[in-house]
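Below are the chains, spelled out letter by letter.
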Amino acid sequence: MNKKNIDKIIQLKKKYNAIILAHNYQLPEVQDIADFLGDSLDLAIKATKTDCDNIVFCGVDFMAQSAKILNPDKNVIHPDIEAECPMANTVNTVELLKLKKDNPDAEVVSYINTTIETKAISDICCTSANGVKVVESLHSKKIIFVPDKNLGNYIQRNAKDKELIIWPGVCPTHHRIRKEEILDLKKIHPDAEILVHPECRPEVIDISDFALSTNGMLNHVKKSDANEFIIGTEKELCYRLKNENNDKIFYPIKTAICPNMKKITFEKVLNSLETLEPKIEIPVELMKKAKIPLKKMMDIGRGD
Ligand code: SF4
């Protein structure tokens, strides 16, 4: 990444009326050229507010697809179509339809980290920021929740009047974070607050000070009197945290890396802007069906 290539990106964005949206877990070299950084919900909202013709989406596939569903008339360009979320791929729609049939009184809540086919058969989507709020907003007592069992358990603990049937998927990156790693860091940095993501194991959430979405963490750090934080989520969030809170210290979990998020590089973003490819293409009918649960979620808004 050099000045010449950064200038090229600026010129191409202007030429094609393009915006770069990037998830908080993207590589620093991608975060540095993004027009807007955020979590899944933020990025989905931002995608509906831009008047740019081309959206270069730096994140995994379901995020770029959500941007396309919400902006069918715009070009959504995903710099590496192989950047997929393995957790989203754990849902088998045939099995999910069977689960729905076996539980006709249940509504299906799908985490935004799902494929478009899963969204198309869901009643409503949620993110880690608004999962509890979404579940509590529903009329049914019984909820089928896909695909993250850790987030499902977290929601169940906070929405006690609901009865969740939880899909057994996990995010490999967050599930890998062990309680012992956090406690070891806490021993070395006893004054640090422990912030973890609700995709972590329950025993990790139990020893944390706060379980928050990535944007929840960003907001919390700004307001907190603490100066040091142990960050229990994908480690690249610490890059943004440090950029925005230079006077504070962050201790990442070094093994918490999502290899799929890292597939998007500066060069691939530049190439996407030069070619306006690869574009996200989704059959219109599928897009219409998947838009319903996404829109319902967005009407509910953030919960953190
Ligand atoms: S961090 Fe986990 S949930 Fe997010 S994209 Fe990577 S594997 Fe999927």
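Small disclaimer: the values here were computed from a predicted structure and weren't measured.

About the thresholds
- Residues numbered from 1 in each chain as written.
- Predicted model: local features only at pLDDT ≥ 70, side-chain atom pairs only at ≥ 80, totals over all residues.
- Heavy atoms only, no water.
- Near = heavy atom within 4 Å.
- 1 Å grid on protein atoms, 1.4 Å probe; cavity = no way out; pocket = protein on both sides within 12 Å on 5 of 7 lines; lining within 4 Å.
- Sits in = over half its atoms within 2 Å of the grid points.
- Nonpolar A, V, L, I, M, F, W, Y, C, P; charged D, E, K, R; others polar.
- Points joined across faces, edges and corners; volume = space filled by probe spheres on them.
- Helix = DSSP H or I, 4+ residues; strand = E, 2+ residues; numbered from the N terminus.
- Axes fitted to C-alpha atoms, helices over the stretch in contact; angles between N-to-C directions.
- Parallel < 35°, antiparallel > 145°, perpendicular 65-115°, else oblique.
- Left-handed = near helix turned anticlockwise from the far one by under 90°.
- Contact = heavy atoms within 4.5 Å.

Attention shifts here to the site of the ligand. For the ligand, the full set of nearby residues is Tyr25, Val60, Cys85, Pro86, Met87, Asn113, Cys171, Pro172, Glu199, Cys258 and Met261. Judged by its atoms lying within 2 Å of the grid points, the ligand is housed in the largest pocket. Across the shell around the ligand, the residue classes break down as nine nonpolar, one polar and one charged.

Moving on, we come to the layout of surface pockets. A volume near 340 Å³ is recorded for the largest pocket. What lines the largest pocket is a set of 33 residues, and nearest its centre among them are Tyr25, Asn113, His174, Glu199 and Met261. Where the lining of the largest pocket is concerned, the elements lending two or more residues are α3 (40-49), α4 (61-70) and α9 (172-175). For the lining of the largest pocket, the leading source of residues is α9, giving three residues. A breakdown of the residues in the lining of the largest pocket according to their chemical character gives 17 nonpolar, eleven polar and five charged.

Here the focus is the packing of α3 against α4. The contact between α3 and α4 brings their axes to 9 Å, and the two run at 30°. Relative to α4, α3 is oriented roughly parallel. Relative to α4, the crossing made by α3 is right-handed. For the pair α3 and α4, contact is made by Ser40, Ala44, Ala47 and Thr48 and by Phe62, Met63, Ala67 and Leu70, respectively. For the contact of α3 with α4, a count of residues per class yields six nonpolar, two polar and no charged.

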